[in-house]
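Chain by chain, the residues:
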Amino acid sequence: MGIRIIKTALAAIAAIYTAVYLGLEPPLGAGILAILGVEVTRMKGLKSAFVRFVASVLGLFFASLIFTLFGFHIWAVAVFILITFPVLSRFQLKDGIVTSSVIVFHLFNRAEVTTDIIGNEILLLFAGLGWATIVNIIYMPKDEHQLSSYRSSIEQSFGIMFQEMAFTLRNPSHIWNGGEILEAYSAIEEGAQRSVRNRENRLWGQEHYWSSYFEMRRQQLESVQQMLVELAFVYQKFPQAVMIADLLDQLSSDVKSDVYEGTVEERLHKLSRSFKAMELPKTRDEFEIRASLLMLLRELERYLSIAKRLKKRKVMLSELQP
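The present account deals with the structure reproduced in this document. Predicted, not measured: the structure shown is a model, and the values here were computed from it. (Residues numbered from 1 in each chain as written. Predicted model: local features only at pLDDT ≥ 70, side-chain atom pairs only at ≥ 80, totals over all residues. Heavy atoms only, no water.)

## Here's the deal with the overall build of the chain
At step 1: Secondary structure assignment for the chain yields 12 helices and zero strands.
At step 2: Ordered by position from the N terminus, the helices and strands of the chain form the series α-α-α-α-α-α-α-α-α-α-α-α.
At step 3: Over its C-alpha atoms the chain spans a radius of gyration of 30 Å, topping by over 25% the 20 Å that the globule rule assigns to 322 residues.
At step 4: Along the first, second and third principal axes, the C-alpha set of the chain runs to 95 × 35 × 35 Å.
At step 5: Taking all 322 residues of the chain together, 46% fall into the buried category.
At step 6: Summarising the internal contacts of the chain: among those between residues at least 6 apart in sequence, 79% fall at separations of at least 24.
At step 7: Taken as a whole, the chain presents about 16900 Å² of accessible surface, with 62% of it coming from carbon and sulfur.
At step 8: The centroid of the 35 positive side-chain charges in the chain is displaced by 4 Å from the centroid of its 33 negative side-chain charges. (Helix = DSSP H or I, 4+ residues; strand = E, 2+ residues; numbered from the N terminus. Rg over C-alpha atoms; globule rule 2.2 N^0.38 Å. Buried < 20%, exposed > 50% of the residue type's maximum accessible area, 1.4 Å probe, protein only. Contact = heavy atoms within 4.5 Å. Areas by Shrake-Rupley, 256 points an atom, 1.4 Å probe, with all protein chains shown as cover. Lys, Arg positive; Asp, Glu negative; His and termini not counted. Charge placed at Lys NZ, Arg CZ, Asp CG, Glu CD.)

Here it is as structure tokens:
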């Protein structure tokens, strides 16, 4: 049984009891409105309640005019739908169409338009959507533990990817199935979606760390995939490849660090300068392989720059690691 089901049940019962206490008719209508108003996040719940309330009031207004002019006939309901639904969609209120229909059908069932009936329907809206909003605000499940779990999974996958790349540079005949790439991609996407929900559950003090973290990892995974493209052209072992492998070994452990040390970047720059001082390739094969190694090094530099760039956006991003 999910927490949303429990919240929906509590909101519906509270709304029905409130409607009974206030003498509203039908009290079960408040329960239906509460069920429609329960959402997965606090922010979405507030927006949904506002949209549904405004849409219902507008629907009630149009329905009162239509039923007063044409009478309470079944075909008049079709006229209401043809006129009201496009208007609600035009003003970005289509999410309130169902709620509006519930209220209007109550009015149609009464077969008269009076201030008492209109007031009754408005109070039903307050009872149903009000309790849905209260329940939404009071409790939302915490996502921090799950987000941290996604982070650990991603960093473990990245660490293995760098280890496998380093092993391949030392032993070009090594075969790796690349399963960690798919695992990292899945964790990044799921974590990004959950980070949105985590942010929408905060009514104040917005937290941008997680969304920035998963965006950083998404960009870095693209960079790693490009490294693998260059790695595919390294079919012989060269001293330069071993040097890059040592760099990847360090990165495989640094990727799990809570802070950006910058040591890998420093070693990368030194390595780039040493490459320039080395003898030029003597054969075409050596030229092609060393060119791929150089491109791999440039892509590794881009990988590191992604974290640095994202860290500078907010002070709270100081925990982002390479």
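## A closer look at the packing of aromatic side chains
At step 1: By the definition in use, this model includes 13 aromatic pairs.
At step 2: Aromatic side chains Phe 70 and Trp 75 sit 5.8 Å apart centroid to centroid with 65° between the ring planes, which places their arrangement in the edge-to-face category.
At step 3: Residue classification places Phe 70 among the partly exposed positions, given a relative accessible area of 40%.
At step 4: In this structure Trp 75 comes out as partly exposed when scored by relative accessible area, which is 49%.
At step 5: For the ring pair Trp 210 and Tyr 213, a centre distance of 6.0 Å and an interplane angle of 80° mean the geometry is edge-to-face. Of this pair, Trp 210 and Tyr 213 are both found in helix 9 (residues 209-231), three residues apart, which corresponds to roughly one turn of the helix.
At step 6: Here Trp 210 falls in the buried class, since its relative accessible area comes to 6%.
At step 7: Positioned above the aromatic ring of Phe 158, the side-chain terminus of Arg 217 is 5.3 Å from the ring centre. (Phe/Tyr/Trp six-rings, centres within 6.5 Å; stacked < 30°, edge-to-face > 60°. Lys NZ or Arg CZ within 6 Å of the ring centre and 35° of its normal.)

## So, the pattern of salt bridges
At step 1: In the structure shown here, the tally under the stated rule is 10 salt bridges.
At step 2: Two residues, Arg 4 and Glu 39, come together in a salt bridge whose shortest N-O distance is 3.9 Å. Of this pair, Arg 4 sits in helix 1 (residues 3-22) while Glu 39 sits in the loop between helix 2 (27-37) and helix 3 (42-70); the two residues are 35 residues apart in sequence, bridging distant segments of the chain.
At step 3: Residue Arg 170 pairs with Asp 246 through a salt bridge whose shortest N-O separation is 2.7 Å. Of this pair, Arg 170 sits in helix 7 (residues 144-170) while Asp 246 sits in helix 10 (residues 239-254), and the two are 76 residues apart along the sequence.
At step 4: A single salt-bridge network, built from bridges that share partners, covers Arg 4, Glu 39 and Arg 52. (Salt bridge = Lys/Arg side-chain N within 4 Å of Asp/Glu carboxyl O.)

## So, the layout of surface pockets
At step 1: Reported here for the largest pocket is a volume of approximately 270 Å³.
At step 2: A total of six residues in the lining of the largest pocket trace back to one element, the largest contributor, which is helix 12 (residues 284-311).
At step 3: When grouped by side-chain class, the residues that make up the lining of the largest pocket number eight nonpolar, two polar and four charged. (1 Å grid on protein atoms, 1.4 Å probe; cavity = no way out; pocket = protein on both sides within 12 Å on 5 of 7 lines; lining within 4 Å. Points joined across faces, edges and corners; volume = space filled by probe spheres on them. Nonpolar A, V, L, I, M, F, W, Y, C, P; charged D, E, K, R; others polar.)

## Considerations on unusual backbone geometry
At step 1: Here Glu 25 and Pro 26 are connected by a cis peptide whose omega angle stands at -10°.
At step 2: Looking at where Pro 26 falls in the secondary structure, it is placed in the loop between helix 1 and helix 2.
At step 3: You will see that Gln 92, though not glycine, has its phi angle at about 60°, which is positive.
At step 4: Take Gln 92: it is sitting in the loop between helix 4 (74-90) and helix 5 (97-110).
At step 5: Despite not being glycine, Ala 111 shows a phi value in the positive range, around 60°.
At step 6: By the secondary structure assignment, Ala 111 is in the loop between helix 5 and helix 6 (115-138).

## Quick word on the packing of helix 7 against helix 8 (residues 179-200)
At step 1: Between helix 7 and helix 8, whose axes approach to 9 Å, the crossing angle comes to 155°. Here helix 8 runs roughly antiparallel to helix 7, going by the angle between their axes. Remark: the crossing between helix 7 and helix 8 carries left-handed chirality. For the pair helix 7 and helix 8, contact is made by Glu 144, Gln 146, Leu 147, Tyr 150, Ser 153, Ile 154, Ser 157, Phe 158, Ile 160 and Met 161 and by Glu 180, Ile 181, Glu 183, Ala 184, Ala 187, Ile 188, Glu 190, Gly 191, Arg 194, Ser 195 and Asn 198, respectively.
At step 2: For the contact of helix 7 with helix 8, the residue count by class is 10 nonpolar, six polar and five charged. (Axes fitted to C-alpha atoms, helices over the stretch in contact; angles between N-to-C directions. Parallel < 35°, antiparallel > 145°, perpendicular 65-115°, else oblique. Left-handed = near helix turned anticlockwise from the far one by under 90°.)

## Comments concerning a positive patch on the surface
At step 1: A surface patch of like charges, here positive, comprises Lys 270, Arg 273, Lys 276 and Arg 298.
At step 2: Secondary-structure assignment places Lys 270 in helix 11 (residues 263-277).
At step 3: Residue classification places Lys 270 among the exposed residues on the basis of a relative accessible area of 53%. (Patch = residues over 30% accessible without salt bridge, like charges linked within 9 Å, V, L, I, M, F, W, Y side chains within 5 Å.)

Nothing here speaks to function; it is all geometry.
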